Amino acid sequence: QVQLVESGGGLVQAGGSLRLSCAASGRTVSSYGMGWFRQAPGKEREFVAAISWSGDNTWYSDSVKGRFTISRDNAKNTVYLQMNSLKPDDTAVYYCAAAFYNRDYGSGRSGEYDYWGQGTQVTVSS
């Protein structure tokens, strides 16, 4: 069992940066692929980024490539999403998720993930 808690969201001006953290408990995240998703008002949940259990492989949606960086510190059971050059359309609730090793967590499909956090609000003002 894995429990995930996101933090680091808030209000930021366009062009600014935020770093989201996802703290895991129960079972170490070392054995899981990890991902970030987001959901804006009136929109479906959208894939943002994923990272393999080893950290050797990462995946990004086209909309965030070059601006966002996913990383993990397995010793701290924590996954991060560094968000730079933020845009108003990045405004959403951001969710951390964990996938069993045999899931296709780099696919961008939310159904591949087994555990979800409660989300943290990111608002980017213009």
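Criteria and thresholds
- Residues numbered from 1 in each chain as written.
- Predicted model: local features only at pLDDT ≥ 70, side-chain atom pairs only at ≥ 80, totals over all residues.
- Heavy atoms only, no water.
- Pairing = 2+ DSSP bridges.
- Helix = DSSP H or I, 4+ residues; strand = E, 2+ residues; numbered from the N terminus.
- Axes fitted to C-alpha atoms, helices over the stretch in contact; angles between N-to-C directions.
- Phe/Tyr/Trp six-rings, centres within 6.5 Å; stacked < 30°, edge-to-face > 60°.
- Buried < 20%, exposed > 50% of the residue type's maximum accessible area, 1.4 Å probe, protein only.
- Lys NZ or Arg CZ within 6 Å of the ring centre and 35° of its normal.
- Salt bridge = Lys/Arg side-chain N within 4 Å of Asp/Glu carboxyl O.
- Contact = heavy atoms within 4.5 Å.

Asks: Sorry if this is basic, but what is going on with the sheet that holds strand β8 (residues 78-83) here?
Replies: Strand pairing in a sheet takes place through backbone hydrogen bonds and is either antiparallel or parallel in direction. The strand order β1-β3-β8-β7 describes an open sheet built from four strands, whose pairing is antiparallel. Looking at strand neighbours, the two that pair on one side only are β1 (3-7) and β7 (68-73), the edges of this open sheet. Across the sheet, the mean angle separating the axes of adjacent strands is 15 degrees when strand polarity is ignored. The pairing of β1 with strand β3 (residues 18-25) spans five bridges and is classified as antiparallel. In the strand pairing of β3, V5 is matched with A23.

Asks: Can you walk me through the packing of aromatic side chains in this structure?
Replies: Counted under the stated rule, the structure contains eight aromatic pairs. Summarising the aromatic geometry, the rings of F37 and Y113 are spaced 5.1 Å apart at their centres and angled 80 degrees between planes, so their arrangement reads as edge-to-face. Here F37, found in strand β4 (residues 33-39), pairs with Y113, found in the loop between β9 (92-99) and β10 (115-116); they are 76 residues apart in sequence, far enough to count as distant. Exposure class is identical for F37 and Y113. Each is buried. Ring pairing ties together the aromatic residues F37, F47, Y113 and W116, which thus form one cluster. Looking at R45, its charged tip hangs above the ring of Y95, at a distance of 4.0 Å from the centre. Between R45 and the ring centre of W116, over which it is positioned, the NZ or CZ distance is 4.7 Å.

Asks: I keep staring at the pairing of β9 and nothing clicks. Help me out?
Replies: Along a regular strand, successive side chains alternate from one face of the sheet to the other. Of all eight residues in β9, eight are buried, a share of seventy percent or more. Relative to strand β11 (residues 120-125), β9 runs antiparallel, the two being bridged by three bridges. The residue of β11 that forms the bridge with A92 is V122. Two elements, β9 and β10, share two bridges in a ladder whose sense is antiparallel. Each bridged residue has a counterpart across the sheet, and for A97 the counterpart in β10 is W116.

Asks: Explain the pattern of salt bridges to me, please; I cannot follow it from the model alone.
Replies: Where charged atoms from two side chains of opposite charge approach closely, those side chains can pair. For the structure shown, the criterion picks out seven salt bridges. Where R38 meets E46, a salt bridge forms, and the shortest distance between an N and an O atom there is 3.0 Å. Owing to a relative accessible area of 33%, E46 belongs among the partly exposed residues under this scheme. In this structure, D90 and R38 form a salt bridge, with 2.9 Å as the shortest nitrogen-oxygen distance. Residue D90 is found in the loop between β8 and β9, and its partner R38 is found in strand β4; the two are separated by 52 residues along the sequence. R38 shares its class with D90; the two are buried.

Asks: I'm lost on the environment of L4 in this one. Help?
Replies: Mapped onto the elements of the fold, L4 is located in strand β1. Not counting residues within four places of it along the chain, the set of residues in contact with L4 comprises C22, A23, A24, M34, C96, A97, A98, Y115, W116, G117 and Q118.

Asks: For this particular structure, what's the right way to read the side chain of S21?
Replies: Mapping S21 onto the fold places it in strand β3. With near-sequence residues (within four places) excluded, S21 lies in contact with V5, E6, S7, W36, T78, V79 and Y80.

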